[in-house]
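What the coordinates show
Chain by chain, the residues run as shown.
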Amino acid sequence: DTITPRLVEMLKVPNRRAMEEMLEQHGSALSDVRRQFIERTIAGEWLRQLAPKPKPVTHDQMLVYYKAHEAEYDFPSQATWEELMVRFDRCNGDRNAAWKQISEMGNEVWQRVAANPKLRGAAFGEVAKARSHGITAGEGGTHKLTNRGALRSSEIDTALFSLQVGQLSNVIETEQGFHIVRVLERQEAGRTPFTDAQADIRKILEAEAKKDGSGEELKKLRDKSRIWTVFDGEFRGSDIARLSGQGQLK
């Protein structure tokens, strides 16, 4: 029996017994629910087979979609960067002590790089791991792609999108403390080209076509079907909306 466990999961009850008790409270039986589930599954598969296969999405259709949704493919300037930080609250509010620590960290990076330029990235990361108070200190102070304007600090944001790549900033002061940042990589604002967005657009249009096709086929089946109930007698599926609106269906 593979249906009962699926019903238990769908009804969000702990077990079969709990499901049977819930159904009894609503005047139903497990056998009725199982039958309805099977009928609905068969009907869904039948509908899927009857629904016409969507026509292949053309290049022109994808291009029209892209032009109509261009704003969705715009992206802001982004930067990958690294940070050294000394928090004021970690220095008991002593700004002089905080300034001394951030200066020492900056100087240590400079000295290591001057001694061996090949250690530029490693030097910054090692100092950050050892002494920085930044939230990414454990990862060497590295921050992944950050959108322009996404940071709380406008001073750091300005530095990230004005410094040359690889250049150490001067000491930057924020409400939390002192910072030194360096941009590792920067991507200017732009728009994802159609050629890169094409695959995703095709999937979107194919899904829409499949949904529309199934909906149209379901409407045709409903309109052609004949329905009988003990309360209302026989009527066509196409009359459901009209009779409901007139309050004639019981």
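The coordinates are above.
What this report covers is the structure whose coordinates are included nearby. (Residues numbered from 1 in each chain as written. Predicted model: local features only at pLDDT ≥ 70, side-chain atom pairs only at ≥ 80, totals over all residues. Heavy atoms only, no water.)

Thoughts on the side chain of Glu 83
- The topology assignment puts Glu 83 in strand S2 (residues 78–87).
- The side chain of Glu 83 is buried and forms no salt bridge, while Arg 87, the nearest opposite charge, is found at 8.4 Å.
- Among the polar contacts listed, one links the side chain of Glu 83 to the side chain of His 143, at a separation of 2.9 Å.
- At 2.7 Å, the side chain of Glu 83 and the side chain of His 179 are in polar contact.
- In contact with Glu 83, not counting residues within four places along its chain, are Phe 124, Ala 128, Ser 132, Gly 134, Gly 141, His 143, Ile 156, His 179, Ile 180 and Val 181. (Helix = DSSP H or I, 4+ residues; strand = E, 2+ residues; numbered from the N terminus. Buried < 20%, exposed > 50% of the residue type's maximum accessible area, 1.4 Å probe, protein only. Lys, Arg positive; Asp, Glu negative; His and termini not counted. Salt bridge = Lys/Arg side-chain N within 4 Å of Asp/Glu carboxyl O. Polar contact = N/O pair within 3.5 Å; in protein donor to acceptor, adjacent residues only side chain to side chain. Contact = heavy atoms within 4.5 Å.)

Section: the side chain of Asp 157
- Summarising the element assignment, Asp 157 is placed in helix H7 (residues 154–160).
- Of the buried charged residues, Asp 157 lacks a salt bridge, with Arg 148 as the closest side chain of opposite charge at 4.4 Å.
- Ignoring anything within four residues of it in the chain, the contact list for Asp 157 reads Asn 147, Arg 148, Gly 149, Ala 150 and Leu 151.

Overview of the packing of aromatic side chains
- Applying the stated criterion across every chain, the model contains four aromatic pairs.
- With a centroid separation of 5.0 Å and 85° between ring planes, the pair formed by Phe 88 and Phe 178 is classed as edge-to-face. Of the two residues, Phe 88 sits in the loop between S2 and helix H5 (95–115) while Phe 178 sits in strand S5 (residues 177–187), which places them 90 residues apart along the sequence. There is no split in this pair, since Phe 88 and Phe 178 are both buried. (Phe/Tyr/Trp six-rings, centres within 6.5 Å; stacked < 30°, edge-to-face > 60°.)

Some words on the pairing of S5
- Both S2 and S5 contribute to a ladder of 10 bridges, which runs antiparallel. Paired with Gln 78 across the strands is Gln 187, a residue of S5.
- Here strand S4 (residues 172–173) runs beside S5; their pairing, made up of two bridges, is antiparallel. Bridging across to S5, Ile 172 finds its partner in His 179.
- The turn linking S4 back onto S5 is made up of three residues. (Pairing = 2+ DSSP bridges.)

A few points about helix H4 (residues 59–68)
- Met 62, Tyr 65 and Tyr 66 are the residues of H4 that are buried. Summarising the axial view, the buried residues of H4 lie within an arc of 100°, below the 170-degree limit, and thus occupy one face. Exposed residues pointing more than 90 degrees away from the buried face of H4 are listed as Asp 60, Val 64, Lys 67 and Ala 68. (Arc of directions from axis to C-beta.)

With respect to the nonpolar core
- Grouped together as the largest cluster of nonpolar side chains are 16 residues, with contacts concentrated most on Leu 84, Val 86, Ala 98, Ile 102, Met 105 and Val 109.
- Those elements giving two or more residues to this core turn out to be S2, H5, helix H6 (120–131) and S5.
- With five residues, the single largest contributor to this core is H5.
- Those residues in contact with Met 105 that sit more than four places away from it in its chain are Leu 84, Met 85, Val 86, Val 127, Arg 131 and Ser 132. (Core = buried A, V, L, I, M, F, W, Y, C linked by side-chain atoms within 4.5 Å.)

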